[in-house]
Amino acid sequence: MHSIFRPLPRLFPLALLALAQVLTAAPFLDSSDIARADELLEQMTQEEKIGQLIQLSPWEPTGEEFLGLVRAGQVGSFLNVIEPEAVRLIQKTALKESRLGIPLIIGRDIIHGFRTIQPIPLGLAATWNPAVIEEGSALAAREARSVGVNWTFAPMLDVTRDPRWGRIAESVGEDPFLGAALARAYVRGFQGTDLSAPDRIAACVKHFAGYGFSQAGKDYNTTWIPDQQLWETVLPPFKAAIDAGAATVMTAFNDLNGIPCSGNAFLFREVLRERWEFEGFVVSDWGSIDQMMSHGNAADMREAARLAALAGVDMEMASPAYRDHLAALVEEGVLGQEMIDEKVRNILQVKSALGLFENPYPAEGASYPPAVTDEARAIARRAAEESFVLLKNEESVLPLAEGRKIALIGPLADQPYEQLGTWSFDGAAEDSISVRAAFAELAAAGNHEVRFAAGLGHSRDRSSEGFAEAIAAAEAADVVVFVGGEEAILSGEAHSRAHPTLPGAQETLLHALARTGKPIVLVIMAGRPLILENVLGDIDALLYAWHPGTMAGPALANVLTGAVAPSGKLPVTFPRAVGQIPIFYSHRNTGRPFNPDSWVPMDEIPIGARQTSLGNESHYLDESVEPRFHFGEGLSYTTFRYTDARFSSAEVAVGETVEVSVALTNTGDVAGTEVAQLYLRDLAASITRPVRELKGFQKITLAPGETRTLTFVLGPEALAFPGPDGYARLEAGTFEVFVGGDSRAPSVGTFELR
Ligand code: GLC
């Protein structure tokens, strides 16, 4: 067993901690899966073995071309087959007509719901609630498995700090600790405790690894990530998912420090297999093995196949390198037969663990699309409600009091498809309830008067034709609710933006509405943090809704009217300007940290000033060093106070734990839900540590005036940090603790690790 901890200068029961790691790893395989794979391998021809390594996206799933491949055992997986009858025919052909009766594993991108679409993952991260993610992933698994899909290409665990990157929408945000907590919840939700259950599917953690650091936020771009950053920021969510028993892993498109991930033996041999003892299988991303030629790492397809096979990629998605070259590479002695057998074994074991040899079929009577049940709607609505982040609420313009006249305006107020967000393949507009529809129900109930005037036809609309009607609606109302942001297609894969602001004429319309003098509530639907500097002065309240999914309308109606209090917290920092990117809370202090007392903004520098190299600190001449909104930030309709912080001891020995407790009080006159956050700073270490690192959070609902004592337990894993070799270091010294409602939490004291 490779200890993840290197022997320390001071003795420390590393084996105990390492053992805990192993015991907590949730093995999804049992001996029967392993035995079945070995028995089949004994019987398989080379062609059948290589067939298991091939995944295709069939344009005609039940056409003879593809059924012929299934019958001949020359394909091991299909993706994007979702019609139950097609799945039934394919699996029946595999079980009854192929020589060895090996079923296919059927994959699909089920990123934030299958038919019932939940908030995009960045919105789910804003719930800071693993239970919400587990419940939603279990719902997605039920819906998908019912039609015969048994594998999802999720969760996406790419930590990122770049709002330009379109795939931030799919991510867990900027922080590895929060990302790891959510990763465990996704795997539990998709896989449950028995992968063969008829309502569970195999998870596929992606994209391994470092994709979220695509240079300049441009998708598919190069990533240069120092080992230190890899171990402390990029890998922890993946490690958490593997420890939770994730069955599969997907390679990333990017080249990592010059080596494309799909040919990166460090990632897939050393880290994933040797250190983490991963037991499942690895699938390439779409064509990512082929793309090693474009990367300039493989001279031809044969070389790409060789490099990917050596690196440990088991299954090839949608490109022919393995199909066309693996057999010859073995015949010529370039690759060993045992390497091929290892790949086949990894795949067969997962198929067996999924119960596919017994029952690969859709549920009896299943139809596509599966119905969106009331239970599913309730799950999606609660997730959306918890995902919304209240970032501004001047004069308590929210919640909207009963009886008020509301002007509902904006290009996303009545867009049942756009509110689903990116990667919502199986979601449908006809199931989706828009904000306009939900507000119409409010009006019908008599509690509010609502007048709708979109003002703009879509988020990129530059026409002012609708302005007059919108302005008239505003003038006749008590309050404006403006639902703006980005259409779904403006985020997600291949959709990075160099200017992540409100598209079209939305800013112009907001300025015009502000001139009516009516209070404006801005609701943003977007797949990324947007830079809103130009409109923050126009609005009185800001509710960040991400892309909330099928139940966006009812969820927003509940939160805007106060039926449900907002409780979301930002999982990612919001910049003021693109020039600040990457900007994130867990930065290093530097040798010359920003000093507000000595900062001279550009316009105040005397003309003709001479250069000086004295007394300079880390800042910009033309922009604040502060973000617009902070990681962990989010308001409620009430207020909270943290008091009476206590430590179980002022000193803690290596290997022991220290408890930090704090009293949290709801100081307002309505109930509210707070996410109490604990951050830590190791004041001096052999490798510089961030000024703060999230090490604990608790989401708690309190009645008005209620006080609850919260306790956080900090053990060795919280105090340790990885070195560039990935081994944990635990070093004596002083640790400062911060507890509060976001990453600006005040210090509550220090303790010594001896
Ligand atoms: C895409 C994405 C990946 C997805 C796969 C299958 O290119 O990068 O996240 O799962 O192909 O659709």
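Above this note sits the structure.
Residues numbered from 1 in each chain as written. Predicted model: local features only at pLDDT ≥ 70, side-chain atom pairs only at ≥ 80, totals over all residues. Heavy atoms only, no water.

*Asks:* Hey, could you run me through the overall build of the chain in this one?
*Replies:* Along its length, the chain carries 21 helices and 26 strands. The C-alpha radius of gyration computed for the chain amounts to 27 Å, which stays within 12% of the reference 27 Å derived for 754 residues, consistent with globular compactness. Expressed as lengths along the three principal axes of its C-alpha atoms, the size of the chain is roughly 75 × 65 × 55 Å. Going through the 754 residues of the chain one by one, you find that 60% of them count as buried. Taking the contacts inside the chain whose residues are at least 6 apart along the sequence as the reference set, 77% of them involve residues at least 24 apart. For the chain, the accessible surface area stands at approximately 27500 Å², while carbon and sulfur atoms represent 51% of it. Distance between charge centres in the chain, computed from 62 positive and 96 negative side chains, equals 2 Å. (Helix = DSSP H or I, 4+ residues; strand = E, 2+ residues; numbered from the N terminus. Rg over C-alpha atoms; globule rule 2.2 N^0.38 Å. Buried < 20%, exposed > 50% of the residue type's maximum accessible area, 1.4 Å probe, protein only. Contact = heavy atoms within 4.5 Å. Areas by Shrake-Rupley, 256 points an atom, 1.4 Å probe, with all protein chains shown as cover. Lys, Arg positive; Asp, Glu negative; His and termini not counted. Charge placed at Lys NZ, Arg CZ, Asp CG, Glu CD.)

*Asks:* What is the right way to look at the packing of aromatic side chains in this model?
*Replies:* Two aromatic rings are characterised by how far apart their centres lie and by the angle between their planes. This model, assessed by the stated rule, comprises 26 aromatic pairs. On the basis of an interplanar angle of 75° and a centroid distance of 5.4 Å, the ring pair of Phe 208 and Phe 268 is categorised as edge-to-face. In this pair, Phe 208 sits in strand β5 (residues 204-208) while Phe 268 sits in helix α11 (residues 265-275), placing the two residues 60 residues apart along the sequence. Phe 268 shares its class with Phe 208; the two are buried. (Phe/Tyr/Trp six-rings, centres within 6.5 Å; stacked < 30°, edge-to-face > 60°.)

*Asks:* Got a minute to help me understand the pattern of salt bridges in this structure?
*Replies:* Side-chain pairs of opposite charge can arise whenever the charged atoms involved come near each other. Evaluated as defined, the whole model comprises 43 salt bridges. A salt bridge links Glu 64 to Arg 71, with the nearest nitrogen and oxygen atoms 2.7 Å apart. For Arg 71, a relative accessible area of 30% puts it in the partly exposed group. Each of Glu 232, Arg 588, Arg 689 and Glu 693 takes part in a single network of salt bridges with overlapping partners. (Salt bridge = Lys/Arg side-chain N within 4 Å of Asp/Glu carboxyl O.)

*Asks:* Any chance you could explain helix α19 (residues 506-514) here in plain terms?
*Replies:* Residue pairs three or four apart in sequence face the same way in an α-helix, which turns once every 3.6 residues. Where α19 is concerned, the buried positions are Gln 506, Glu 507, Leu 509, Leu 510, Ala 512 and Leu 513. Residues of α19 that are buried sit in contact with β12 (405-409), α18 (467-475), β14 (479-485) and β15 (520-525).

*Asks:* Teacher, can you tell me more about the packing of helix α4 (residues 64-71) against helix α5 (residues 84-97) here?
*Replies:* Axes are the key here: two packed helices are described by the angle between their axes and the distance separating the axes. Two numbers describe how α4 lies on α5: the axes approach to 8 Å, and their chain directions differ by 35°. Regarding α4 and α5, the two cross each other, and that crossing is right-handed. Listed contacts from α5 to Leu 67, Val 70 and Arg 71 of α4 are Leu 89, Ile 90, Thr 93, Ala 94 and Glu 97. Residue classes in the contact of α4 with α5 are distributed as 5 nonpolar, 1 polar and 2 charged. (Axes fitted to C-alpha atoms, helices over the stretch in contact; angles between N-to-C directions. Left-handed = near helix turned anticlockwise from the far one by under 90°. Nonpolar A, V, L, I, M, F, W, Y, C, P; charged D, E, K, R; others polar.)

*Asks:* Whenever I open this one, the environment of Leu 456 confuses me. Can you help?
*Replies:* Turning to its location among the elements, Leu 456 is positioned in the loop between β13 (449-453) and α18. Taking the C-alpha atoms as reference points, Leu 456 and Gly 466, separated by 10 residues in sequence, lie 5.9 Å from one another.

*Asks:* Would you mind showing me how to read the side chain of Ser 459 here?
*Replies:* Along the chain, Ser 459 falls in the loop between β13 and α18. Within the local environment of Ser 459, its side chain forms a polar contact with the side chain of Glu 487, the two groups lying 2.5 Å apart. Beyond its immediate chain neighbours, meaning those up to four positions away, Ser 459 contacts Pro 411, Gly 485, Glu 486, Glu 487, Leu 490, Pro 503, Gly 504 and Gln 506. (Polar contact = N/O pair within 3.5 Å; in protein donor to acceptor, adjacent residues only side chain to side chain.)

*Asks:* Would you mind going over the nonpolar core with me for this structure?
*Replies:* If you look at the biggest cluster of nonpolar residues, it comprises 132 residues, and the most contacted ones within it are Phe 78 and Phe 208. Take this core: its biggest share by element is 9 residues, from helix α8 (residues 176-191). Excluding anything up to four places from it in sequence, Phe 208 contacts Leu 235, Phe 238, Val 249, Met 250, Thr 251, Ala 252, Cys 261, Leu 267, Phe 268, Val 271, Leu 272 and Trp 276. Grouped together as the second largest cluster of nonpolar side chains are 39 residues, Leu 391, Ala 477, Leu 510 and Leu 542 included. (Core = buried A, V, L, I, M, F, W, Y, C linked by side-chain atoms within 4.5 Å.)

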